[in-house]
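Here's the letter readout for the chains.
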Amino acid sequence: MKSIQEIQEEIVSEFSLLDGDQEMTVFYIMELGQKLDEMPEADKTEENIVKGCQSKVWLTARLEGNKVVFAADSNTAITKGLVSLLLRIFSGQTPDTILSAEIDFMHKIGMERFIGTQRSNGFAAMMKQIKRYALAFKTQIEVGQ
Amino acid sequence: MNVSETIALDINKIRDLFPILHQQVNGKPLVYFDNAATSQKPKRVIQKLVEYYEGYNANIHRGIHTLAEKATKAYEGSRELTREFLGAASSEEIVFTRGVTESINLVASSYGRKFLNKGDEVIISGLEHHSNIVPWQIVCEEKGAKLIIIPVTDSGEIDLTKYKSLLSDKTRIVATNHASNSLGTINPVEDIIKLAHQRGAVVMIDGAQAAAHLPINVVELDADFYCISSHKMYGPTGVGVLYGKRKLLEVMPPYMGGGEMIKDVTFEKTTYNDLPYKFEAGTPNIADVIAFGDAIEFINELGKVNIARHENDLLAYAHKRLQEIEGVQLIGTAKNKVSVVSFIIEGVHPFDIGQMLDARGIAVRTGHHCTQPLMDRFGIEGTVRASFAVYNTKAEIDSLAEGLRRIVNFLSK
């Protein structure tokens, strides 16, 4: 498993190939979303919706061994692509790694510039929800021990 | 001052008057199709703001010094231009507000609170912007009155037959827009007003989407209240107008208390100022009101007839080009429309379309356009809306069509 830092560096280097072309960037993000593993329809419930996102985002997490595995979907293609980046970084990491992770790839790929303030808030909401899951699983593991 | 009624406008010359249009967005020439949200401002409007602040910024009315006199004259000059623009009988019937939203709230709060009683009915249409829904909900709830909605047809028009059957002796107020911000539908306000008057109800027309596109004459329409917003008609933000018939404004209590709106104040009793100042508490938005006058002159000089002809051309062309694209479905197909095109593309979320168009420098609006009940009526979450102004061109519509085609092609891969 690559470290969170390594994955972020990979993403930054992939996006740098797009050379700042906004249209290509948007298409690329949507392509990433199309490749995301399907989320079971049954999981797209009201309670799995991440609050604070402008478009609908569903996020679930489960513990496999000591790793957190995330699944997500969105009703908009671009958001789904952006969410897929977060899943690529966080899914399969341990709760401790997730909780201590410093996420800086968004600035480096110039994401705020084209996703706008409203979506940035949604992005923050996603991060918060991911960390909340990690914290819950960390507690679960510690109590279990 | 109106120019000849039938000149063809030189759109390139008009574009030169708008500094903001000459820029690249995301590496592409800006195509601004979000005019129903707010239109861009010609240089003379922007310059007027600078001239005011550099030359004669002063608080208006009551000031005896030269700058105050100059500012007052310019401010009241805008009121006179507005009166003429709306065809009102007297400038005392022209109240400056912050926008249509405030104008509607003023009527709902002041007229509504005073004249609505338990069991009375207020009628609005299913085409309304939230700002012509919520103020009425608030006052109806407070007074125990009932809010009734005129249904909308599949083409996005007010159902006039249903409207007739909803009117009754209990109807006190009817409030509808002149043109729909979401769909562009032009409503038959003359009929709406006439029918309401037969039942003794007063009518408030939200003219936010009509002011820059359609001829308006409040006296001929016999509208009791008519509201417009400066920023949707090439003027600055933060200025709106409430036209009200004098006999109605006179019997309405003030909306806000403070300076400007009083004649005499003692701790025992305050007497209110004359119209329209009774409704203009506090220092008004002097600079923007003055520059709003220039926006009106800009429209007058082009001639609304000429503007409408150009915009109707754009509308017809946009309908044609969009319908050539697979999966595009127009929402709102009324016979009479202002230059607003609302559409959805099967299987593509409006946000994604908006985002992808933005990457090509094209500004459209996506979502429910502050008309959630109307979106519910069509069973959709929202639309993509392209809305045109006098400075838009067919070449820009070609760019929109090309952008949409690329999106559809990408997603159907």
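Along every chain, residues carry numbers that run from 1 in the direction the sequence is written. Key to labels: chains lettered from A, ligands numbered from 1, both in the order written. Note on the predicted model: pLDDT of at least 70 is required for a residue's local features to be given, and 80 or more for side-chain atom pairs to be given and counted; whole-chain, interface and lining totals, by contrast, use all residues.

Asker: Can you explain the overall build of chain A? Please cite residues and give values.
Answerer: Secondary structure follows DSSP: runs of H or I at least 4 residues long count as helices, runs of E at least 2 residues long count as strands, and numbering of each begins at the N terminus. The helix and strand inventory of chain A stands at six helices and two strands. Mapped in sequence order, the helices and strands of chain A form the string α-α-β-β-α-α-α-α. Note on method: radius of gyration uses C-alpha positions; expected globular size equals 2.2 Å times residues raised to 0.38. Whereas a compact globule of 145 residues would reach a radius of gyration of roughly 15 Å, chain A reaches 15 Å, a difference of no more than 12%. Across its three principal directions, the C-alpha atoms of chain A cover 50 × 30 × 25 Å. In chain A, which comprises 145 residues, the proportion classed as buried is 34%. We call a residue exposed when 12 or fewer other C-beta atoms sit within 10 Å of its C-beta, buried when the count reaches 20 or more, and partly exposed for counts in between; the C-beta positions come from the backbone.

Asker: Report on helix α3 (residues 66-86) of chain B, specifying residues and quantitative values.
Answerer: Residues and elements named next belong to chain B. Relative to the 30 Å expected for 21 residues at 1.5 Å per residue, α3 spans 30 Å between its end C-alpha atoms, a close match to the ideal helical length. Along α3, the residues that are buried comprise A71, A74, Y75, S78, R79, T82, F85 and L86. Seen end-on, α3 carries its buried residues on one side only, within an arc spanning 140 degrees. Across α3 from its buried face, at more than 90 degrees, point the exposed residues T66, K73 and E80. Packed against the buried residues of α3 are α2 (43-56), β4 (94-97), α8 (218-221), β9 (225-229), β10 (240-244) and α10 (286-302). The first or second residue beyond α3 is G87, which carries a positive phi of 70 degrees. Here the expected span of a helix is defined as 1.5 Å times the quantity of residues minus one. Arc definition: it is the arc formed by the directions from the helix axis to the C-beta atoms. We call two residues in contact if the C-beta atoms placed from their backbones are at most 7 Å apart.

Asker: Got a sec to walk through the sheet that holds strand β16 (residues 365-367) of chain B? Specific residues and values, please.
Answerer: Residues and elements named next belong to chain B. Between any two strands, at least two bridges found by DSSP are needed for them to pair. Strand order across the open sheet formed by four strands is β13-β14-β17-β16, with antiparallel pairing between neighbours. Looking at strand neighbours, the two that pair on one side only are β13 (328-330) and β16, the edges of this open sheet. Between one strand axis and the next, the sheet turns by 30 degrees as a mean value, whatever way the strands run. Inspection of the sheet shows β13 paired to strand β14 (residues 340-345) by three bridges, in the antiparallel sense. Across the sheet, the residue bridging to Q329 is I344, located in β14. The convention used is that axes are lines fitted to C-alpha atoms, helices contributing only their stretch in contact, and that angles between N-to-C directions extend from 0 to 180 degrees. On the sheet, helix α12 (residues 350-359) packs against β14, β16 and β17 (383-387) and is oriented at approximately 160 degrees with respect to β16.

Asker: How would you summarise the sheet that holds strand β7 (residues 171-177) of chain B if you had to cite specific residues and measurements?
Answerer: Residues and elements named next belong to chain B. Strands sit in the order β4-β10-β9-β8-β7-β5-β6 across an open sheet of seven strands; the sheet is mixed. Of all the strands in the sheet, the pair left with one neighbour each is β4 and β6 (146-150). Strand-to-strand, the axes of this sheet are offset by a mean angle of 20 degrees, without reference to chain direction. In the sheet, strand β5 (residues 121-125) pairs with β7 via four bridges, with the strands oriented parallel. For I124, the partnering residue across the bridge sits in β7 and is A175. Of the strands in this sheet, β7 and β8 (202-206) touch helix α7 (residues 189-198), which is tilted by about 175 degrees from β7.

Asker: Give me the interface of chain B and chain A: which residues, what numbers.
Answerer: Facing 10 residues of chain B, the contacting portion of chain A comprises 10 residues. No other element matches α12 of chain B, which puts five residues into the side of chain B that touches chain A. Amino acid classes used here: Ala, Val, Leu, Ile, Met, Phe, Trp, Tyr, Cys and Pro are nonpolar; Asp, Glu, Lys and Arg are charged; the rest, including Gly, are polar. Its residues assigned to classes, the side of chain B that touches chain A shows four nonpolar, four polar and two charged.

Asker: Lay out the nonpolar core with the relevant residues and their values.
Answerer: Proteins that are soluble and globular tend to have nonpolar side chains buried together. Residue and element names in this part refer to chain B. In this usage, the nonpolar core is the set of buried Ala, Val, Leu, Ile, Met, Phe, Trp, Tyr and Cys residues whose C-beta atoms join them within 7 Å. V203, F225, C227, Y243 and A295 are the most contacted members of the largest nonpolar core, which has 144 residues in total. Considering every element that reaches this core, the biggest residue donor is α10, with 10 residues. Discounting chain neighbours no more than four positions away, the residues touching F225 are V107, M204, I205, L242, Y243 and G244.

Asker: Talk me through helix α5 (residues 134-143) of chain B; I want residue IDs and the actual numbers.
Answerer: All names here are of chain B. Listed as buried for α5 are P135, W136, V139 and C140. Seen from one end, α5 has its buried residues packed into an arc of 125 degrees, which puts them on one side. Buried residues along α5 sit against α4 (100-115), β5, β6 and β7.

Asker: Any details on the pairing of β6 of chain B? Residues and values, ideally.
Answerer: Residue and element names in this part refer to chain B. Pairing analysis gives five bridges linking β5 to β6, with the strands arranged parallel. The partner of S125 across the bridge, within β6, is I150. In this region the chain leaves β5, passes through α5 and returns to the parallel neighbour β6; the handedness of that crossover is right-handed. We call a crossover right-handed when, viewed with the strands running away from us, the connection from the first strand over the helix to the second turns clockwise.

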